[in-house]
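# Architecture and fold: a report
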Amino acid sequence: MKAASRSDLYSKLPSVDELLRTPELTALSAKEGQVAVADAVRVVLGRLREEISSGLLDAAAVDLALAGVGSVVESQVRQALSYSLRPVINATGVILHTNFGRAPLSAAALDHMREIATLYSNLEFDITQAARGKRDVHVDRLFRKLLGESEGSVGTGASQACPEQSRRVQPSEARQPSAPISTIVVNNNAAAVLLALNTLAEGGEVIVSRGELVEIGGSFRIPEVMAKSNATLREVGTTNRTRVADYERAINEKTRLLLRVHRSNFQITGFTEQPSVEELVGLARKRNVPLMEDLGSGALFDLRSIGVSGEPGVLDSLRAGVDVVTYSGDKLLGGPQAGLLSGRADLIARMRANSLFRALRVDKLTYAALEATLLAYVKRDHDAIPALRTMRLSKEEVGKRAEAIAGRIGTAKLSVTAIDGESVIGGGAAPSAVLPTRLLAVTCKGLSADELAARLRASNPPIIARVDEGRVLLDLRTVFPDQDDLVARTLERLAQN
Ligand SMILES: *Cc1c(COP(=O)(O)O)cnc(C)c1O
């Protein structure tokens with residue numbers, strides 16, 4: 001009896017062709033293409049069949065569903081043909097957030113990418129010689145300018161080991177002019193570390209402090225990258241204390257490299273000790289073993305200018321005499337995803353000659369975005385780089401925008417107030433690298449903070465906020481000013497419903 005009524009229900013369903021011939025779907029096919037609409041019809045009919053088979057629908061419900069089937073098919077088509085990768089409004093106050101694509105690119109980077117992407121270019125062509133060229137020349141020249149500049153003009157100058165102690169080096173210690181710095185680009189910093197370890201230490205040993213055997217983002221772990229590079233990890237010291245003598249004792253005929261890794265997502269405090277970069281440089285020179293530093297973030301501008309100290313800069317490490325540094329293009333540098341290897345030209349040349357480099361290299365779009373970003377540094381136009389402009393905003397500037405929104409909304413249902421808080425640099429800058437900001441604290445009668453945050457995420461574009469102590473917190477520092485109105489209107493809608 002039950003089975004018979006079910007087959008009656010199935011027989012109510014029209015065929016795909018019948019549905020496609022209805023005026024509504026004929027019009028939709030003319031707009032979106034018959035193939036996409038037919039696919040959507042199959043999905044919608046399949047869903048109905050499943051609901052009938054699980055006993056969810058009676059005859060009346062099937063009739064009702066069929067009456068509205070045209071608009072259901074239309075929204076199915078729209079969903080299938082829309083992008084999965086789409087913008088979100090980042091109201092978390094985390095400036096470089098890996099989940100949100102890290103650094104937003106500058107307008108100049110986009111213009112340059114569009115031109116290079118849509119036309120032919122001299123990516124690997126020497127125009128004057130009419131000969132094959134190298135793709136790295138386009139950015140290497142800018143890195144030379146930025147990393148070879150006179151003392152004090154760029155860089156952070158702060159040591160990660162002892163923030164209170166300047167890491168500036170004496171001229172006698174400084175890199176010889178005969179040892180120029182060159183830079184190559186690979187897919188990301190993980191690739192940069194892999195390439196460097198494989199090139200410099202394959203079959204040999206790399207000495208690393210036990211306090212620096214870090215994991216970044218779940219899949220990048222120093223011991224595992226070391227194993228993949230075919231180098232042997234030689235751990236020295238302890239989790240909290242490692243001295244330069246520990247490194248020295250571990251050096252033997254198999255040692256190929258001393259590696260220092262920036263603790264970019266945690267801090268060790270209390271009874272701690274870590275050799276200064278200068279001490280490690282001294283040991284590396286004395287024993288004639290190269291020293292590499294995985295900076296991760298790698299600032300090319302002075303973070304102290306925004307009140308953040310203790311973050312190592314690329315230039316500081318190179319000036320101190322580190323032979324090779326690795327860092328990301330889309331962390332503090334504010335450019336596209338990339339892994340940068342800067343350092344002694346002879347070592348970098350060996351990495352370029354490694355066949356792994358060919359597998360890890362980047363495409364023309366990355367070079368275009370990187371070149372435009374680096375040019376902004378050369379021009380000292382830091383505000384042209386969105387991530388840097390965001391970091392340089394004062395608490396007062398963010399506060400004015402927050403108060404403008406708070407003043408616009410506020411009903412019996414929705415409370416919106418501006419309060420003091422902190423933005424986070426993120427992206428491998430020290431966890432303690434925070435900036436004072438003003439937040440919008442939002443509560444809504446009848447909704448928990450988690451439910452309110454979910455409503456904000458469900459808006460278009462999704463607004464991502466923090467939840468703290470029963471409130472939703474929105475930090476406008478990471479919201480672009482032309483998105484303020486959208487945030488305000490979304491809150492207004494919540495206040496009314
Ligand atoms: C972020 C980071 C990495 C990985 O860089 P990706 O660009 O994400 O590949 C490696 N080492 C350190 C110290 C980092 O901070």
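Residues numbered from 1 in each chain as written. Predicted model: local features only at pLDDT ≥ 70, side-chain atom pairs only at ≥ 80, totals over all residues. Heavy atoms only, no water.

On to the overall build of the chain. In terms of helices and strands, the chain carries 20 helices and 18 strands. Taken along the three principal axes of its C-alpha coordinates, the chain extends 90 × 55 × 50 Å. Looking at the 497 residues of the chain, the share that counts as buried comes to 49%. Partitioning the contacts of the chain with sequence separation of at least 6, the portion at a separation of at least 24 is 77%. Counting every atom, the chain has about 23700 Å² of accessible surface; 51% of that belongs to carbon and sulfur. Looking at the chain, you have 62 positive and 59 negative side-chain charges, and the mean spots of the two groups are 2 Å apart. (Helix = DSSP H or I, 4+ residues; strand = E, 2+ residues; numbered from the N terminus. Buried < 20%, exposed > 50% of the residue type's maximum accessible area, 1.4 Å probe, protein only. Contact = heavy atoms within 4.5 Å. Areas by Shrake-Rupley, 256 points an atom, 1.4 Å probe, with all protein chains shown as cover. Lys, Arg positive; Asp, Glu negative; His and termini not counted. Charge placed at Lys NZ, Arg CZ, Asp CG, Glu CD.)

Our focus in this paragraph is unusual backbone geometry. A cis amide bond links Asn460 to the next residue, Pro461, at an omega of 0°. Relative to the helices and strands, Pro461 is located in the loop between helix H19 (449-457) and strand E16 (463-464). Here Ala130, not a glycine, exhibits a phi torsion of approximately 50°, which is positive. Within the secondary structure, Ala130 sits in the loop between strand E3 (125-126) and strand E4 (131-132). Accessibility expressed as a relative area gives 57% for Ala130, which makes it exposed. Phi angles above zero are rare outside glycine, and Glu469 is one such case at about 50°. By the element assignment, Glu469 lies in the loop between strand E17 (466-468) and strand E18 (471-475).

Strand order across the open sheet formed by five strands is E2-E14-E15-E18-E17, with mixed pairing between neighbours. Among the strands making up the open sheet, the edge pair consists of strand E2 (94-96) and E17. Taken pair by pair, the neighbouring strands of this sheet meet at an average axis angle of 40°, ignoring direction. When E2 meets strand E14 (residues 414-426), the two strands line up parallel, connected through two bridges. The residue bridging Leu96 from the neighbouring strand is Gly426, located in E14. Packing of H19 onto the sheet brings it into contact with strand E15 (434-444), E17 and E18, and relative to E18 it is tilted by some 40°. (Pairing = 2+ DSSP bridges. Axes fitted to C-alpha atoms, helices over the stretch in contact; angles between N-to-C directions.)

With that settled, the discussion passes to the domain arrangement of the chain. Structurally, the chain comprises domain 1 (6-81), domain 2 (105-384) and domain 3 (390-496). For domain 1 versus domain 2, the separation of C-alpha centres amounts to 56 Å. (Domains from an automatic or database assignment.)

Another aspect to go through is the site of the ligand. Taken together, the neighbourhood of the ligand is formed by Arg102, Asn188, Asn189, Ala190, Ile216, Phe220, His262, Ser264, Asp294, Gly296, Ser328 and Lys331. Here an oxygen atom of the ligand and a side-chain polar atom of Arg102 are 2.8 Å apart. In this structure, an oxygen atom belonging to the ligand sits 3.1 Å away from a main-chain N or O atom of Asn189. Protein chains shield 94% of the accessible area of the ligand, which is 380 Å² for the free molecule. A class-by-class count of the residues in the shell around the ligand yields three nonpolar, six polar and three charged. (Near = heavy atom within 4 Å. Polar contact = N/O pair within 3.5 Å; in protein donor to acceptor, adjacent residues only side chain to side chain. Nonpolar A, V, L, I, M, F, W, Y, C, P; charged D, E, K, R; others polar.)

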